[in-house]
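# Observations on the model geometry
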Amino acid sequence: MVCLDGLLSIFQFCAKREKDALKIKNFNNLKNAALNRQFNETYDQTTLDLTTKILDISPEFFTIWNLRRDVFVNFVFKGRSDQEIHKVITEELRFVLATMKRFPKCYWVWNHRIWLLKYNPALTDWDFELGLIEMFFAADPRNFHAWQYRRIVLEGKMDLIRNEEEQPAKAIAKLNYREFQYTTKMINKNISNYSAWHNRSKLIEKLSESHPEEAQEFSSKYEILVSEIKLVQTAAFTDPADSSVWTYMRWLYTGGFFTTDIEAESFIRLLEEQVAGVKELAEIEKDENGEENLWCLKTLSLLLKELFLRTKEDYLREEINDLTKRLIELDPMRAERYKDFQRNI
Amino acid sequence: MQLFREKHVDYVKNLNTKTDQLEYWLTEHLRLNGVYWGLMALFLMDSQDAFVKEEVIEFVLSCRDPKRGGFGPYPKHEAHILSTLSAIQILKLYNSLDRLGSFKPDLVKFIKDLQLPDGSFQGDRFGEVDSRFVYTAIQCLSILEELDENIASGATDFVLRCLNFDGGFGMVPGAESHAAQAFVCLGTLSILGQLDKLTSKKELISSWLSERQVANGGLNGRPEKLPDVCYSWWVLTGMDILGCLDWVDHDKLRQYILSCQDDVTGGISDRPDNQVDVFHTVFGIAGLSLLGFEDLVPVDASYCLPKAVVATIKKFPYEI
């Protein structure tokens, strides 16, 4: 049996080599023809067809994407009206979508799509693109490319608003608020969607500068902070093992964005409440799991440091020292970090 | 476990003989980058003679795109900033920048023309912007000793705008943090001598980087993701640049990298028992070098070139 298996796999190996040899010949013929046409700047239907065939096999071949765009600009679009060009672009977007579905992480494909959308932004259906992103999120809610693409699509929409609307600032603030609510939706669906937390931090910075009337939680930095604390607190109790929440909580209390515009006393009160909240959670975690939740301890030490810097109470320093000792013991991989932290207070 | 040095040298040496495999031909768009990765792995193992210097230089020069002035990843491919850096790095490794000869002015112009008004760089004439391209362009100009105040301040501003709430860096301002982006952004600031701009954020950035180490010792690229050998490089370099390399466990990381070796074919993969490739091979080895293990040639964290090579590059800002 062993021999037969070995023999079979040799046959399969040879068959693959033969098949590969044929594929290689075919691919190299297409490639050489296309590259010669690129060198001679022969922009016609034959060149376009060649790029279609090559990109179907090898979407990473960026020179061929460039050639394809050259053919569009110098041949396909030549002498056509805006509407006619728009029709071609719509068709091309379908071709790109098929490739994107097969290769959702290929930079060049996303890039080509963005180029198409920006060719004549006034005619682009930006909302259709937002719908498309939902499809990618359904497959992978943290697809990096899809999130970046979403920001680019919104930027495109906003550019249109700037050109067309009478009160662009208002419409843009509304759009930002809608995106903010979208991150709430994504977070409620899955608390560990770090990409959503990230986007939320960016939108908060924008909305604190300009927000629509209905967004009452944005009336002051204090209001924003209080409502974000509520969200992150609930999230922390829902899934205390997930790092997203703790990273976000760290930003709220230590990032400097909120501290600058909030009265010292109010901020100290919020810090004290949070310290109590995290301590409570740390206890629950220890009881339930029989071991410490590192994130609770790490966050606690950061919160206590902020509190100490404001109140200079000695007992806080002692608490921090105790926490550091425990962290070094429980998380020895990062021992030097904790030592540095303690030294720098 | 130990580093299978000879096996890795053989693996890299034989990469160019796999012409009967389809994958070989489908990766032409990365060939010049691949040559740099292979050559750099050999340099770190002090085995650079496994490649024929003159053949490699001839290949590099054949990748020049005469229409654009930069280098493509393969003859007749279009110039891109990524392959252009590989070309310059290879020539620098061989101490052969003089081979650029009369091509140099067009090459410098190609790179400088890619900078956009906001200080960022596009990868080629079609407008894709990414902090990777900023780093790549800045390293190119640094090796060629063609940086200037204007280029540097634009690039610095752009890279600082990529810093996020969590202490990581994104592809562009607004984009989510990713370890590869931490390397390129910190590398840019380091090459330009602008690290003091980060002083108030140093602790936050270092913490984010140190959180990348997971229980098995490997490093991941984003929170809640699997570890991967190449992040040994993207994460460790940032820590080295910021002076907090000891914030992760070196021995555990070493074990993780070594466990990703193929003890039969040589080469290193992203995770244990996966298919090896030259990309993970060089960054695994470079990570080990940065940690001072396995008696490797010391590597520079900002350039991914041997320290001895970087020592010959004029430091920016240039003395007049």
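Residues numbered from 1 in each chain as written. Chains lettered and ligands numbered in written order. Predicted model: local features only at pLDDT ≥ 70, side-chain atom pairs only at ≥ 80, totals over all residues. Heavy atoms only, no water.

Chain B has the name Geranylgeranyl transferase type-2 subunit beta in an unreviewed UniProt entry, where Kuraishia capsulata CBS 1993 is given as its organism. One UniProt comment on chain B, placed under Function (unreviewed entry), says "Catalyzes the transfer of a geranylgeranyl moiety from geranylgeranyl diphosphate to both cysteines of proteins with the C-terminal sequence -XXCC, -XCXC and -CCXX." Among the UniProt annotations of chain B, the heading Catalytic activity (unreviewed entry) holds the following wording: "geranylgeranyl diphosphate + L-cysteinyl-[protein] = S-geranylgeranyl-L-cysteinyl-[protein] + diphosphate". (UniProt positions renumbered as here; feature names shortened; annotations may be inferred.)

Under the annotation held in an unreviewed UniProt entry, chain A carries the name Geranylgeranyl transferase type-2 subunit alpha and is attributed to Kuraishia capsulata CBS 1993.

## Some details on the overall build of chain A
Assigned secondary structure in chain A consists of 15 helices and zero strands. Relative to the compact-globule value of 20 Å for 345 residues, chain A shows a C-alpha radius of gyration of 28 Å, a clear excess of over 25%. Along the longest, intermediate and shortest principal axes, the C-alpha atoms of chain A span 80 × 75 × 35 Å. In chain A, buried positions account for 50% of the 345 residues. When contacts within chain A are restricted to residue pairs at least 6 apart in sequence, those whose partners lie at least 24 apart make up 62%. (Helix = DSSP H or I, 4+ residues; strand = E, 2+ residues; numbered from the N terminus. Rg over C-alpha atoms; globule rule 2.2 N^0.38 Å. Buried < 20%, exposed > 50% of the residue type's maximum accessible area, 1.4 Å probe, protein only. Contact = heavy atoms within 4.5 Å.)

## Re the interface of chain B and chain A
Listed by partner, the interface residues are 52 residues for chain B and 51 residues for chain A. On the chain B side of the contact with chain A, Phe 126, Phe 165 and Glu 176 of chain B bury the most area, a combined 17% of that side's loss. Notably, a salt bridge pairs Glu 28 of chain B with Lys 31 of chain A, separated by 2.3 Å at the nearest N-O pair. The tally of links from chain B across to chain A stands at 30 residue pairs in polar contact (both at pLDDT 80 or more). Of all the secondary-structure elements, those providing two or more residues to the side of chain B that touches chain A are α2 (22-26) and α10 (202-210) of chain B. No other element matches the five residues that α10 of chain B contributes to the side of chain B that touches chain A. Grouping the amino acids of the side of chain B that touches chain A by side-chain chemistry returns 18 nonpolar, twelve polar and 22 charged. (Buried area = accessible area lost by both parts, 1.4 Å probe. Salt bridge = Lys/Arg side-chain N within 4 Å of Asp/Glu carboxyl O. Polar contact = N/O pair within 3.5 Å; in protein donor to acceptor, adjacent residues only side chain to side chain. Nonpolar A, V, L, I, M, F, W, Y, C, P; charged D, E, K, R; others polar.)

## Here's the deal with the packing of aromatic side chains
Here the structure, examined in full by the defined rule, presents 35 aromatic pairs over all chains. Centroid distance Trp 37 of chain B to Phe 279 of chain B: 5.0 Å. Interplanar angle 75°. Geometry classified as edge-to-face. In this pair, Trp 37 of chain B is assigned in helix α3 (residues 31-44) and Phe 279 of chain B in helix α13 (residues 278-290), connecting sequence segments 242 residues apart. For Phe 279 of chain B, a relative accessible area of 24% translates into the label partly exposed. Three or more aromatic residues joined by ring pairs make a cluster, and in this case those are Tyr 194, Trp 197, Tyr 248, Trp 251, Phe 257 and Phe 258 of chain A together with Phe 165 of chain B. Above the plane of the ring of Phe 103 of chain B lies Arg 64 of chain B, whose end atom (NZ or CZ) is 3.7 Å from the centre. Above the ring of Phe 293 of chain B, the side-chain terminus of Arg 254 of chain B is found at 5.4 Å from the ring centroid. (Phe/Tyr/Trp six-rings, centres within 6.5 Å; stacked < 30°, edge-to-face > 60°. Lys NZ or Arg CZ within 6 Å of the ring centre and 35° of its normal.)

## Overview of the environment of Arg 142 of chain A
Mapped onto the fold, Arg 142 of chain A is located in the loop between α6 (126-139) and α7 (144-164). Separated by 199 residues in sequence, Arg 142 of chain A and Phe 341 of chain A have C-alpha atoms that sit 31 Å apart. With sequence-adjacent residues up to four places away left out, Arg 142 of chain A is seen in contact with Trp 147, Ser 192, Asn 193, Tyr 194 and Ser 195 of chain A together with Glu 176, Arg 222, Pro 223, Glu 224 and Lys 225 of chain B.

## Focus on the packing of helix α4 (residues 82-102) of chain A against helix α5 (residues 107-119) of chain A
Residue and element names in this part refer to chain A. Packing of α4 against α5 brings their axes to within 10 Å, and their N-to-C directions diverge by 165°. Classified by the angle between their axes, α4 and α5 sit roughly antiparallel to one another. Our pair here, α4 against α5, has a crossing hand that is left-handed. In contact with Ile 85, Ile 89, Glu 92, Leu 93, Val 96, Leu 97, Thr 99 and Met 100 of α4, α5 contributes Val 109, Trp 110, His 112, Arg 113, Leu 116, Leu 117 and Tyr 119. (Axes fitted to C-alpha atoms, helices over the stretch in contact; angles between N-to-C directions. Parallel < 35°, antiparallel > 145°, perpendicular 65-115°, else oblique. Left-handed = near helix turned anticlockwise from the far one by under 90°.)

## Topic: the side chain of Asp 70 of chain A
Locating Asp 70 of chain A in the fold gives a position in helix α3 (residues 62-76). A residue is classified by how much of its surface remains accessible, and Asp 70 of chain A, at 8% relative accessible area, is buried. If we skip the residues at most four places from it in the chain, Asp 70 of chain A touches Tyr 43 and Phe 75 of chain A together with Arg 125 and Phe 126 of chain B.

## Focus on the pattern of salt bridges
Residue and element names in this part refer to chain A. This structure, assessed with the given rule, holds 39 salt bridges over all chains. Asp 159 is the partner of Arg 162 in a salt bridge, and the nearest nitrogen-oxygen pair spans 2.8 Å. With Arg 162 and Asp 159 both in helix α7, this residue pair falls three residues apart, about one helical turn. Among the residues examined, Arg 162 registers a relative accessible area of 40% and is labelled partly exposed.

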